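Examining the three-dimensional arrangement
Chain by chain, the residues run as shown.
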Amino acid sequence: MSWGTELWDQFDNLEKHTQWGIDVLEKYIKFVKERTEIELSYAKQLRNLSKKYQPKKNSKEEEEYRYTSTRAFVATLNEMNDYAGQHEVISENMTSLITGELSRYVQELKQERKSHFHDGRKAQQHIETCWKQLEASKRRFERDCKEADRAQQYFEKMDADINVTKADVEKARQQAQLRHQMAEDSKAEYSSTLQKFNSEQHDHYYTHIPNIFQKIQEMEERRIVRIGESMKTFAEVDRQVIPIIGKCLDEITKAAESVDHKNDSQLVIEAYKSGFEPPGDVDFEDFTQPMKRTISESSLSNSRGDGRSEPKFGGKSKGKLWPFIKKNKPPPPPPASASPSAVPNGPQSPKQQKEPLSHRFNEFMTSKPKIHCFRSLKRGLSLKLGAGPEDFSNLPPEQRRKKLQQKVDELNRDIQKEMDQRDALTKMKDVYIKNPQMGDAASVDQRLAELGQNIEKLRLEVQKFEGWLAEVEGRLPARTEQPRRQSGLYEAQNPSAVNSCAQDRESPDGSYTEEQSQETGMKVPATDFDDEFDDEEPLPTIGTCKALYTFEGQNEGTISVAEGEMLYVIEEDKGDGWTRIRRNEDEEGYVPTSYVEVYLDKNAKGAMTYI
């Protein structure tokens, strides 16, 4: 089956068909190109989608991705990113293996087709030229034959006419002979031309045209094979990425199977556990009998009022109920950078308002029951400024331990970075010393000194935070005396909602009464403070404390401390605003609780940090 023998007379139709084949190939190239654009667009949209839902660095969302469900979601996003990459691979492979190759092939195919049909037209023109020569020779032979007949008839006529001279007859005879000779020559030429044309026509239809059409047929078949191979490659490109896409889907399935609801529940406990115990039972308060105001060792703060008794919690800390009671905010706190200022009792007269701050502070310090109000005022200022304490003492114990541990780890990483830089600069300096032409060794000395200072500062910071962490984890000396108050329990858990000062000045209906604070200050027995200094037997150490401000202990039983000084706690605040501390075996006394930051032993129930 050959186009040369079967389609010898379909030159124009073959020309149209081959052009249609090229158009089909170009259409397929355009289809693949649009497919690659779709794959690229899809991959881009998948990447943008994955990036959109990725957790932001240094944000609250990043902390939420600790849970197995959210980690599985992050793994899904990462796998979708890889999934998008496979679609990019599809686009790249189709572009290089199909679009690019076929585009070059189409150009070659057009040139080949043009050459074949040019040869075909040339062969047709040659056979047409031969046919024209044959027709011309035939017409000339026909014409010469007719002229020879006419010349013969004229000669015969002249020869039969008795009136014509012999010379005229001879002339007519010669003319007839000439015409007959010309006719014979035309006949011979026509015969030769005919033979030549037949030979050329045979070669044209049985040799030249079949060869040309055979080449065209082979060209067209190669085009068909090539487009088929391209379609196969089209499928193979997709099939090659299926294992990787399947692996991505397997990883997503694996991430989904790693979701552990028990683990997530445990993480919630670790994230929000305060370390406190639930509140105890509330004792019945009998209002039918007059009750004598006393200071309960288990209460969180000294109860104050204008004749109204506060509820008592037998054997339980009142502070444990605070997380469920909403209190009003305390008065505005004094500046954190200055020493604690006084909180005047009751309305002030214009004269009182113009008194110096130091005088008002001294008046405030003379009343022990009001001392612990300043602790809440200071905490209120810290919250108002939006910055918590450096040692995270405003957090519950468990959360504080986690924050301190994170801070220590962060500082250790910073130290490692600085040390790596120092090692690199040290090696560079050694190279400069061995090869002075490469650089000046003295140029890195300043940077090395800076790195050394930075490392030393960071190590001091690490020691400081490790000290706080050790205190939280209970590596301080164990105390033997059970704590008698848990002041700061709710202050540490929610310092902006409740403070001891607000409680002291708040009536049962939630309103503030200045008279309550004044009357309570007068009702506190003066001997409670003095008798505590008569203990001859030394008390055991129950914790440590850090002086926040300088305190001049001028009254009997007090002790002077300097800002930043570290001392031992031997008796915690019992609600009167004073903490008993010891510097050494010979020096001990009371300081205002608001002037120190206390770290109690963790074995002591309700031990908290007072700030």
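Details of the overall build of the chain
A count of helices and strands for the chain gives 15 helices and five strands. Taking all 611 residues of the chain together, 38% fall into the buried category. If you take every contact in the chain between residues at least 6 apart in sequence, the share linking residues at least 24 apart comes to 73%. When the accessible surface of the chain is split by element, carbon and sulfur atoms take 52% of a total near 35900 Å².

Comments concerning the packing of aromatic side chains
Counted according to the given criterion, the structure contains 12 aromatic pairs. Both rings, one in W8 and one in Y205, keep their centres 5.2 Å apart while their planes meet at 90°; by these two values the pair is edge-to-face. Taken as a pair, W8 in the loop between α1 (3-6) and α2 (11-52) and Y205 in helix α5 (residues 166-257) lie far apart in primary sequence, 197 residues in all. The class for Y205 is partly exposed, based on a relative accessible area of 30%. Note on F551 and Y595: the rings are 5.6 Å apart at their centroids and 70° apart in plane angle, and the pair reads as edge-to-face. Of the two residues, F551 is situated in the loop between β1 (543-547) and β2 (566-571) and Y595 in the loop between β4 (588-592) and β5 (596-600); the sequence distance between them amounts to 44 residues.

Regarding α5
Here α5 is 92 residues long and its end C-alpha atoms lie 132 Å apart, about the 136 Å a rise of 1.5 Å per residue gives. Along its length, α5 shows its largest kink, about 45°, at H204.

A word on the nonpolar core
Of all hydrophobic cores here, the largest spans 31 residues; its most connected members are L25, Y28, M94, I98, F213 and I216. When contributions to this core are tallied by element, the ones reaching two or more residues are α2, α4 (68-160) and α5. Excluding anything up to four places from it in sequence, M94 contacts V32, R35, T36, T99, F234, V237 and D238. One finds Y549, V561, I581 and Y595 within the second-largest nonpolar core, a separate group that totals 18 residues.

Rules used throughout
Residues numbered from 1 in each chain as written. Predicted model: local features only at pLDDT ≥ 70, side-chain atom pairs only at ≥ 80, totals over all residues. Heavy atoms only, no water. Helix = DSSP H or I, 4+ residues; strand = E, 2+ residues; numbered from the N terminus. Buried < 20%, exposed > 50% of the residue type's maximum accessible area, 1.4 Å probe, protein only. Contact = heavy atoms within 4.5 Å. Areas by Shrake-Rupley, 256 points an atom, 1.4 Å probe, with all protein chains shown as cover. Phe/Tyr/Trp six-rings, centres within 6.5 Å; stacked < 30°, edge-to-face > 60°. Expected span 1.5 Å × (residues − 1). Bend = angle between axes of the 7 residues up to and from the residue. Core = buried A, V, L, I, M, F, W, Y, C linked by side-chain atoms within 4.5 Å.

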